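Single-letter residue listing:
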Amino acid sequence: MSYIAAPASALAPGYPAHDVLPHVPAELRAFLRDALVEFFEDSTVHAMPSAVTIIVTNDYDDGPAWSAYGATLHYGPDVTVEAPDFERTFVADALVEISDDEQPYGAPCPVLFVPLPA
């Protein structure tokens, strides 16, 4: 099964967040969204964002994968904040599952844009 991630250029300010979602299998998308919601509900530092943009890393030995660090938190269409690292969390577990399903590919570098419930 293939999925295509949105190019980073699609995330220009004012771009509708709900329109940028790659074709990740529904079960894996739900696992990631639930992990992000739980992470931010438990956070004392970051409020629940409206969406999270996750980037690709080539730092792993087995090729490109969705990165547990370097994500961007979106608070509405105009405010972005660098996300905390998701290493050793359910978010990282979900990103591994998605990367194992199929490695991310594309040019320019793809992003995984995950809208979160309000």
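Please read these numbers as outputs of a predicted model, since none were measured by experiment. (Residues numbered from 1 in each chain as written. Predicted model: local features only at pLDDT ≥ 70, side-chain atom pairs only at ≥ 80, totals over all residues. Heavy atoms only, no water.)

Draft legend 1. Structural context of the packing of aromatic side chains. Per the counting criterion, the structure on display carries three aromatic pairs. Between Phe39 and Phe40, the aromatic rings sit 5.1 Å apart at their centres with planes inclined by 80°, giving edge-to-face as the arrangement. Both rings, one in Phe39 and one in Phe86, keep their centres 5.0 Å apart while their planes meet at 80°; by these two values the pair is edge-to-face. Taken together, the residues span a long stretch of sequence, with Phe39 in helix H1 (residues 26-42) and Phe86 in the loop between strand S5 (79-82) and helix H2 (90-101) at a distance of 47 residues. Connected via pairs of aromatic rings, a cluster forms that spans Phe39, Phe40 and Phe86. (Phe/Tyr/Trp six-rings, centres within 6.5 Å; stacked < 30°, edge-to-face > 60°. Helix = DSSP H or I, 4+ residues; strand = E, 2+ residues; numbered from the N terminus.)

Draft legend 2. Looking closely at the environment of Phe86. Look at Phe86 and you get buried, because its relative accessible area is 0%. Along the chain, Phe86 and Ser67 lie 19 residues apart, while their C-alpha atoms are 8.6 Å from each other. Not counting chain neighbours up to four residues away, the residues in contact with Phe86 comprise Leu36, Phe39, Phe40, Ala68, Ala71, Val91 and Ala92. (Buried < 20%, exposed > 50% of the residue type's maximum accessible area, 1.4 Å probe, protein only. Contact = heavy atoms within 4.5 Å.)

Draft legend 3. Inspection of the side chain of Thr57 at higher detail. Position of Thr57 relative to the elements: it lies in strand S2 (residues 51-57). Polar side-chain contacts of Thr57 include one of 3.0 Å to the backbone nitrogen of Asp59. When residues no more than four places from it in sequence are discounted, the contact partners of Thr57 are Gly63, Pro64, Ala65, Ser67 and Tyr69. (Polar contact = N/O pair within 3.5 Å; in protein donor to acceptor, adjacent residues only side chain to side chain.)

Draft legend 4. Representation of the pairing of S5 within the structure. Note that strand S4 (residues 72-75) and S5 share four bridges and pair antiparallel. The residue bridging Tyr75 from the neighbouring strand is Val79, located in S5. Between S4 and S5, which pair antiparallel and follow one another directly, the connecting turn spans three residues, one of which, Gly76, has a positive phi of 80°. (Pairing = 2+ DSSP bridges.)

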